[in-house]
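# Summary of structural features
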Amino acid sequence: MKRDATAVGAHARPDVALRLAAIRAGERAAIARAITAIENDIASARALSAALAADAGRAHVVGVTGPPGAGKSTLINALLAEFAARGRRIAVVAIDPSSPITGGAVLGDRVRMHAAGAAESVFIRSLASRGHAGGLAKATRRIVDLLDAAGFDAIVVETVGAGQSDVGIAALADTSVVVCPPGLGDDVQAIKAGILEIADVLVVNKGDQPAADRTEQELRDMLRLRAHRPGWAVRVLRTVATTGDGVPALVDALDAHATDAGRGRRLARAPAPPAATAVESRLRGFCAADPYQRLNALEFVESGPGTVTMRMRVAPQHLNFNGKCHGGAIFTLADSAFGVAANAYGVVAAGIDTHTTFQVAVSEGDVLTARSLEVSRNAKIAVYRVDVTRGDGTVVASFTGTVFMTRRPHQARPDDLRP
Amino acid sequence: MNKPLPEPIPASTEEAHVRWAAEYSAQIGADRAVHNRSGIPVRPLYTPLDVDPARFDADVGFPGQPPYTRGIYATMHRGRTWTQRQLIGLGTPAAYNARLTDILGQGGTAVSLIPCNSVFRGYDMDEVDEELLGTCGVVANSADHMATCLAGVDLATTSCAMNDPSPFTLLAFMLATAKRNGVDWRTISGTSNQSDYLSHYVANHMFFRLALPGARRILVDHIRWCNEHVPRWNPLSVVGQHTQQAGATPAESMAFTLAAAVQYADDCVAAGMSPDAFLPRFTFFFDVSISFFEEIAKFRAGRRIWARIARERWGARDPRSWRFKFHAQTSGVDLTRQQPLNNIARVTAQAIAGIFGGLQSLHTDAYDEALSCPTQFGARIAVATQNILREEAHLTDVIDPLGGSYYVEALTNEMEARVLAIMADVEAAGGMYRAVESGLVQRRIGESACRFQERIDRGEQTVVGVNAYQVDEDASARPALPKPDPAEMRAHLGAFTAWKAQRPAQAVAAALDGVARAANDGDANVFAAVVAAAEAGCTHGEICGTLRREVGFGMPLTVV
Amino acid sequence: MDIRPKVLVTKIGLDGHDRGSRVVAAHLRDAGMEVVYTPPWQKIEAVVKLAMEEDVDVIGVSSLATDHLIVPKLMAALRDAGLTDVVVIVGGIVPDADEQALLDVGVARVFHPGSPLDEISAYITEATARVRAARFPA
């Protein structure tokens, strides 16, 4: 406790060096305060993140995802007890959904985690998703980097648990655990196209229920049909989180995967995007050369690494027969922010799939802003998420899109395309 | 000029109704929609058109006969009024005994015992924060403590209500006391008031709870053992009070209570017990709010539904199995901290609703309950309120005096329909046990609680002194929290730890081992082992701790 | 800077009447706040650890049945842990005679039964602005 008291004194001073030392020393209060700064995008947090970047890459980042009711939180509780028994220091980042209407959230995972959470070797932080899709909160990656630098042996990230959409975890975690409740039945069909594919370890929790046998068999069958990643055969395990049965074997599997796949995977992903300024002028050029964007009076606002922001004022031509903004107009804005961002890498990116949810009606005169974020990218496929917000900050639509990265360079320089 | 006079006598009820409706609309203009707390729309007038006279026998009938709408006994309050049961408990066993003697001397006719929150939570007094001991109930941890609590009370003739959640240690301590005093267990009467473990999961998280499967098993053991050994004891009180206090509407509260009772009876039947062996000892415990007519209709509808279920679901033949016996407590949720003396008026209105609803036993809240645990002064007024209603107000001259009221009969029918619809939802979810496990019940209660608070905050529901008719008050006039005498409590604690240390360790260990073995043996009776442990000198905390280890502790299944 | 308040709603001690804490937690969520909610019966050390790790702006303690009597212990534990800048409020049944004792040990405010929910959320919003300005000076 005395250490923590010192830490509070430390972060009261705007002295980055002192705070760095406190975080590296694993001081609870200093870590917690730095997470708040990152989560709220406070300017000083950027310097801190940058300074800590070199320390990251030591911790084993374990993502835990799965459909609601699978028992993720109870399983994490049991994992914490097992990790503690093996003398490891663990941080948990648990993400809960924010209301799309009010932005409020109840971070209730504590309800199930508090037994293990009381241990000194455990640090638990809940984050609200704040409208971020993919089952994670926007700042999750930077927070994981911070906890990594703070010296935790493992960092467990629990996703929102909304099901298929929680694939964002694969880009962040070294090891992805997908938790399934027994008796998924038809649901296995439904989710296997989504989150099951990111699993390094599949867990059938509540393994003492009668349906567990069948579920385990279904998962094994499914794996047989699937192409394996070289070097690692996906493991299927059975646990009863409430009693701890099967949890030691799960930790063994996590350790084996960490040995096999290494740590700090998130740090090695995707080359850094090209410098912003040069890219931005090219992207502005794309927009200026886009007749459909002009038709809809879209405006390019700014771009950054993996992100593009565009704006549209809802005019009479955007309305539907109900007098509200047409969904197609909102889609056009989101799709443009997505398409422009995906084309920042010098090759033609072709959209192959999108999904949009409309959450709030939009009226004439509203100014809509679409901001795209790159969720993941490899040589062939990139995934983007776009939030469309109204002037008051309300998220009115959420969009996800996937592009295929062709090898074709853009045929002409944008300047040449200008009318 | 005089207006032309209408025809003096309308030709038919229908015509008169149309004429009234026209005049009503013309005078009142845009009528406001009125709904009761259960969400049932309430019309401005009820007439013969709202009830079907052909259904008198099926829906209303006579007291003491199916459908039991008008009461479970032929004589009802004209014959015997109701048990005046004031729930009390504060401080040390000696302080409790002094308070109990005072209440019994003022017209109280039965014992009730509320233990300290530390007891509710399954701990002995040496396991919790000392500041909290005895602030909300009596600190009773052993058979010796119970003997002090009940000194001077004839257990063979006085009905005792124990606020005693699973594993029912207080009853075990009382039985140990009775045996020492030579009282035959077969003469002992009373109720295990907090035996409804499901309600503790969904609503009132005050109690020690075993994990759901363990709690389920021990309740069946308890019912079976009491039926055999203490046949006049009511081992089960199904509690609607918890859900309604937690925010359920009166209709939801009645529905969840009946659904829980159905679950418990199903469990007993599944364990091989005969319905007519245990149903006569089922009792109910409800909150009665200030929504006057709604509460009356709630009780009338509940009585009707239970009698029907008992006959149709389990084929019970004994009329005692059909009777819906209930204790009611005036609702603390309606009481206000502001202008606390106003609460006397609220409690009076609530109590009358309960009486007209046909209750068998009544607790009236003290006016200062929204400020603190009640003071002795507040408790006295609560008792006097009952005495006035019973003996001055002529409320008991006629059985079911509101029976036949167009409004009350129509509302009873509507409440019944609403309650049955909610019960059907629970049944569809697999019964009450599953509906609690899945959080369905908690979610509904949470939503209703928020809706009710929002209505008050928006001023749609007036609460005098809170959102209307506020006055500047002299805060010093409010009573202080009665706290147990710290010196007495410290002495009580000291004596307890000293006694604990000098007990014959082997006998205690053997009895606790008996509890543990019973918990792991499906053929044993856990409650029998608890009684044996109480007699062997085991403490409350030791018995609860043993079961906590053996069958698991139950966390609240809370839903925001 | 986003000043969406982060609030811990909890109950310490022995009592389990949690209607008040649930209603308040739901209201704060609907008012756009991020609410860390715990079931009743939390141990004081657990509340301190949780408040520190979650870095909450405000702790709301609900007490209906005399658990306010151990709030001074909570305040001392928060102080010992260095959590001096978190605002602690108490809601529920607190007799007048005990209220001053709570204010004396650093409780910022006591909300009694009948307090409008909007009053509670408005107070938390304002308190959070103060807390954040001190924690993250511009």
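Structural data are supplied above this passage.
The model shown is predicted, which means the values in this text are computed figures rather than measured ones.

Analysis parameters
- Residues numbered from 1 in each chain as written.
- Chains lettered and ligands numbered in written order.
- Predicted model: local features only at pLDDT ≥ 70, side-chain atom pairs only at ≥ 80, totals over all residues.
- Heavy atoms only, no water.
- Pairing = 2+ DSSP bridges.
- Helix = DSSP H or I, 4+ residues; strand = E, 2+ residues; numbered from the N terminus.
- Axes fitted to C-alpha atoms, helices over the stretch in contact; angles between N-to-C directions.
- Contact = heavy atoms within 4.5 Å.
- Buried area = accessible area lost by both parts, 1.4 Å probe.
- Salt bridge = Lys/Arg side-chain N within 4 Å of Asp/Glu carboxyl O.
- Polar contact = N/O pair within 3.5 Å; in protein donor to acceptor, adjacent residues only side chain to side chain.
- Buried < 20%, exposed > 50% of the residue type's maximum accessible area, 1.4 Å probe, protein only.
- Parallel < 35°, antiparallel > 145°, perpendicular 65-115°, else oblique.
- Left-handed = near helix turned anticlockwise from the far one by under 90°.
- Nonpolar A, V, L, I, M, F, W, Y, C, P; charged D, E, K, R; others polar.
- Arc of directions from axis to C-beta.

Sheet architecture is open: six strands sit in the order β3(A)-β2(C)-β1(C)-β3(C)-β4(C)-β5(C), paired in parallel fashion. At either margin of the open sheet sits one strand with a lone partner, and together these are β3 (105–107) of chain A together with β5 (109–111) of chain C. Ignoring strand direction, the axes of neighbouring strands in this sheet form an average angle of 25 degrees. Here strand β1 (residues 6–10) of chain C pairs with strand β3 (residues 58–63) of chain C via four bridges, running parallel. Residue pairing in the sheet places C:V7 in a bridge with C:V58 of β3(C).

A few words on the interface of chain C and chain B. Contacts between the two partners involve 35 residues from chain C and, on the opposite side, 46 residues from chain B. In this assembly, chain C packs against chain B so that about 3200 Å² is buried in total across both faces, 61% of it on carbon and sulfur atoms. In terms of surface lost to chain B, no three residues of chain C exceed C:L14, C:R19 and C:W41, which account for 25% of the buried area on that side. Along the contact surface separating chain C from chain B lie three salt bridges. At the surface where chain C touches chain B, the tally comes to seven residue pairs in polar contact (both at pLDDT 80 or more). Contributing elements (two or more residues each) for the side of chain C that touches chain B: α1 (19–30) and α4 (96–104) of chain C. In terms of residue count, the dominant contributor to the side of chain C that touches chain B is α1(C) (six residues).

Attention now goes to the pattern of salt bridges. In the structure shown here, the tally under the stated rule is 66 salt bridges over all chains. One salt bridge connects B:R217 with B:D221, and the closest N-O pair in it is separated by 3.0 Å. Here B:R217 pairs with B:D221, and both are found in helix α9 (residues 212–229), just four residues apart, close to one helical turn. B:R217 sits in the partly exposed class, given a relative accessible area of 21%. Across the pair B:D513 and B:R517 runs a salt bridge whose closest N-O atoms are separated by 3.0 Å. Here B:D513 and its partner B:R517 are both found in helix α21 (residues 505–519), four residues apart, which amounts to about one turn of the helix. The exposure class assigned to B:D513 is partly exposed, which follows from its relative accessible area of 40%. Each of A:R33, C:D55, C:D57, C:D85, C:R132 and C:R135 takes part in a single network of salt bridges with overlapping partners.

All names here are of chain B. Secondary-structure assignment places Y96 in helix α4 (residues 93–105). Residue classification places Y96 among the buried positions, given a relative accessible area of 1%. Put simply, Y96 and V508 are 412 residues apart on the chain and 27 Å apart in space, counted from C-alpha to C-alpha.

As a further point, take the packing of helix α13 (residues 292–314) of chain B against helix α15 (residues 342–356) of chain B. All names here are of chain B. Two elements in contact, α13 and α15, have axes separated by 8 Å at closest approach and are oriented at 30 degrees. Taken together, the axes of α13 and α15 are roughly parallel relative to one another. Seen along the crossing, α13 lies across α15 with a hand that is right-handed. Within the contact between the two elements, α13 uses F292, E295, I296 and F299 and α15 uses A349, I352, A353, G354 and F356. Within the contact of α13 with α15, the residues separate by chemical class into seven nonpolar, one polar and one charged.

All names here are of chain C. Those residues of α4 that sit buried are D98, E99 and L102. Buried residues of α4, viewed axially, fall in a sector of 115 degrees; they line one side. With respect to the buried face of α4, the exposed residues turned more than 90 degrees away are A97 and D104. Elements in contact with the buried residues of α4: α3 (71–80), β4 (87–92) and β5. Once α4 ends, the next one or two residues include G106, with phi positive near 110 degrees.

Turning our attention to unusual backbone geometry. Residues and elements named next belong to chain B. With omega at 5 degrees, the peptide bond leading from P66 into P67 counts as cis. Structurally, P67 is set in the loop between α2 (56–60) and α3 (76–79). Of note in the backbone geometry, H394 takes a positive phi value of approximately 60 degrees without being a glycine. One can find H394 in the loop between α16 (376–391) and α17 (406–428).

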